[in-house]
Amino acid sequence: GESVGLHLPTLSVQEGDNSIINCAYSNSASDYFIWYKQESGKGPQFIIDIRSNMDKRQGQRVTVLLNKTVKHLSLQIAATQPGDSAVYFCAEYNYGQNFVFGPGTRLSVLP
Amino acid sequence: EPEVTQTPSHQVTQMGQEVILRCVPISNHLYFYWYRQILGQKVEFLVSFYNNEISEKSEIFDDQFSVERPDGSNFTLKIRSTKLEDSAMYFCASSDWGGETQYFGPGTRLLVL
């Protein structure tokens, strides 16, 4: 189910460890997905995207995995740094619905 | 690096008043969007705009809302008669192609009293 209000799921990781943030999307017809990072008081910032004809896409220190069978998306951050602390959320897109955003996961990087 | 800008950063208004939120999208972008984020909740799509007309809108975007691109650079969101529940962060975004990566502005925090 969705998280509503202030009680975002939180992931705490040690600096230097890898982080995995998960997202369940709702529409099997969605064909484009984006991971965003949102720092406190700022707008969402694009991290990485993936189209539905792919299973995996890698960026700098980040990897997105898409499992269409179970409508699941994950974001992997390698060697997590203090600057990675933020709320991360996925967005799904299909024509006629525009972007639908997930509720987000708060990533907290411990020193 | 080009960025989306929004003004004002904060707006406080009385219930029933009209507000206009302003955005300057990235200059070569063709698609423009407004989203809102109520405190502590997820980002919600309001409206998308292309070729000087609304292309998609959500259920939130009722008759109290309107958008305009008055001069080829600004993109505005007007709320005609604000309600308490309109209090939220409003984000503008733009993209060069519909459905592709959207670049978000820093947001306008609207507080309706």
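Here, the structure is the one placed above.
The structure presented is a predicted model; accordingly, all values stated were derived computationally and were not measured.

Visitor: Could you clarify how one ought to interpret the pattern of salt bridges in this entry?
Guide: When their charged atoms lie close together, side chains carrying opposite charge are able to pair. Residue and element names in this part refer to chain A. On inspection of all chains with the given rule, the structure shows five salt bridges over all chains. In this structure, E39 engages K42 in a salt bridge whose closest nitrogen and oxygen atoms are separated by 3.9 Å. Taking relative accessible area as the criterion, E39 reaches 28% and is therefore assigned partly exposed. D49 is the partner of R57 in a salt bridge, and the nearest nitrogen-oxygen pair spans 2.2 Å. Judged by relative accessible area, which is 34%, R57 ranks as partly exposed.

Visitor: Explanation requested: the sheet that holds strand β1 (residues 5-7) of chain B in the structure shown.
Guide: Backbone-to-backbone hydrogen bonds join strands into a sheet, with any given pair of strands oriented parallel or antiparallel. All names here are of chain B. Spatial strand order, β1-β3-β8-β7: four strands in an open sheet with antiparallel pairing. Lying at the two open borders of the sheet, with one neighbouring strand each, are β1 and β7 (65-68). Across this sheet, the average inter-strand angle for adjacent strands is 20 degrees, counted without regard to direction. As paired elements, β7 and strand β8 (residues 75-79) share four bridges and run antiparallel to each other. When the bridges of β8 are listed, S66 appears paired with K78.

Rules of the game
Residues numbered from 1 in each chain as written. Chains lettered and ligands numbered in written order. Predicted model: local features only at pLDDT ≥ 70, side-chain atom pairs only at ≥ 80, totals over all residues. Heavy atoms only, no water. Salt bridge = Lys/Arg side-chain N within 4 Å of Asp/Glu carboxyl O. Buried < 20%, exposed > 50% of the residue type's maximum accessible area, 1.4 Å probe, protein only. Pairing = 2+ DSSP bridges. Helix = DSSP H or I, 4+ residues; strand = E, 2+ residues; numbered from the N terminus. Axes fitted to C-alpha atoms, helices over the stretch in contact; angles between N-to-C directions.

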